[in-house]
Amino acid sequence: MIEMAANCTSCGECVRPCSFLQQQGTPLALAQRGTTDSNLLAAYGCSLCGLCDAVCPEQLSPSGMFHSMRQEAVLRGLVDLKAYAPWLSYEKLGTSLFFQRDLIPAGCSTVFFPGCSLPGTRPDAVQELFKRLRKIEPTTGLVLDCCGKISHDLGLTERFTALFERFSTRLKNKGITRILTACPGCSKVLRKYGEQFEVVSVYEVLVSSAPLPDDQNQNRLVTIHDPCPARFDVAQQTAVRQLVQSCGYRIEELSSHGQTTRCCGQGGMVEGCVPGTIRQESRIVATEAAGRPVISSCAACTDTLRAATPSGHVVDLLTNNTDFSFKPLSSARRWFNRLKLKFTRLT
Ligand code: SF4
Ligand code: SF4
């Protein structure tokens, strides 16, 4: 807040594309309101998408300020966590022994970590990716767990630290030094807090380690939604595009892509305090897509966008599942899929 109050020029670059700042004013205005209870709680209206960081000519990080404000609000006991119960229950169950799995073969130092949403929505694709990764490196392992991003983003620092510490210590003790991620949210968390690990997106590994088919028939048109946690991850963005093209698709970019991509509406669990956010934000992306199928590397984005426009995950293309309009799965079905994956024989 001090840095923002000293350096934000109120130029408005970050306000233009952001519904939250359009309502609240510039980051300078928010910083000048100080640490009153109501101002701290206002930060729960920010999706932490980082678009403001990407466009700020002063290289400031308004999203970082809003995350710190959330942490302070939690410390003061201001946050009614009942509003976020669905997300917290999801994380609690996802990090429980019931759904965790460590498949660590002898000699393994690299694991595939598909996150939560992909195993819930696409267990067969997770198996297929794992199979391909083991062809590239036969000692690759698999870890099913949750990175704790929900607690992190809600500002529940103590809870997140405990979850992440348990997760990272477990992997370290098993000799894991490299983690292949499928979820851009996991990648961001693991890179920030798991400095002992090399974190690489599975898409980069698939692109760099296997010759891609030279598909001449690139007539099927799609567009790409870069997930906001990957907005600065150029290597991952490039790999996803190469995979999409290798499956025979022609890409037309959204006007908001790469560093200036928009949040799908799920970010920061804003929906918990501002109902209607998911609908509003996903419609903005859908409008930009203008009917072109939207491909993303985030399973949560894909499901969210699918309610507004035909959408698919890049692994859907890799596994020839190209029905971009199928209905999102029920919550029960997702948990069943995760459980099934836990007990499926994979090696
Ligand atoms: S992180 Fe996203 S939602 Fe939050 S202020 Fe920045 S642009 Fe707006
Ligand atoms: S873009 Fe940067 S300088 Fe401009 S209003 Fe936003 S935070 Fe302030």
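As recorded by an unreviewed UniProt entry, the protein carries the name Fe-S oxidoreductase and is attributed to Trichlorobacter thiogenes.

To continue, consider the UniProt feature "domain: Cysteine-rich" (unreviewed entry) in the protein. When the UniProt feature table is mapped onto this chain numbering, "domain: Cysteine-rich" (unreviewed entry) sits at residues 111–190 and 222–305. Helix makes up 61% of residues 111–190 and strand 14%, with an end-to-end C-alpha separation of 13 Å. Segment residues 222–305 splits into 39% helix and 12% strand. End C-alpha atoms: 14 Å apart.

The strand order S7-S6-S8-S9 describes an open sheet built from four strands, whose pairing is parallel. Among the strands making up the open sheet, the edge pair consists of strand S7 (249–251) and strand S9 (311–313). Between one strand axis and the next, the sheet turns by 40° as a mean value, whatever way the strands run. Pairing between strand S6 (residues 220–225) and S7: three bridges, direction parallel. Residue pairing across strands places Val222 opposite Ile251, the latter belonging to S7. Each of S6, S7 and strand S8 (294–296) is contacted by helix H14 (residues 234–246), which is oriented at about 140° to S7, the strand it contacts most. Set on the sheet, helix H16 (residues 299–306) makes contact with S6, S8 and S9; between it and S9 the angle comes to about 165°.

Here we come to the sheet that holds strand S3 (residues 141–144). Reading across the sheet, the five strands line up as S1-S3-S2-S4-S5 and stay open at both edges, with mixed pairing between neighbours. Each edge of the open sheet carries a strand with a single partner, namely strand S1 (101–103) and strand S5 (198–201). Looking at each pair of strands side by side, their axes are set apart by 25° on average, direction ignored. As judged from the four bridges shared by strand S4 (residues 178–181) and S5, these two strands associate in the parallel manner. When the bridges of S5 are listed, Ile179 appears paired with Val199. Against the sheet, helix H9 (residues 123–136) contacts S1, strand S2 (110–113), S3 and S4, and its axis sits at roughly 160° relative to S2.

What counts, and at which threshold
Residues numbered from 1 in each chain as written. Chains lettered and ligands numbered in written order. Predicted model: local features only at pLDDT ≥ 70, side-chain atom pairs only at ≥ 80, totals over all residues. Heavy atoms only, no water. UniProt positions renumbered as here; feature names shortened; annotations may be inferred. Helix = DSSP H or I, 4+ residues; strand = E, 2+ residues; numbered from the N terminus. Pairing = 2+ DSSP bridges. Axes fitted to C-alpha atoms, helices over the stretch in contact; angles between N-to-C directions. Contact = heavy atoms within 4.5 Å.

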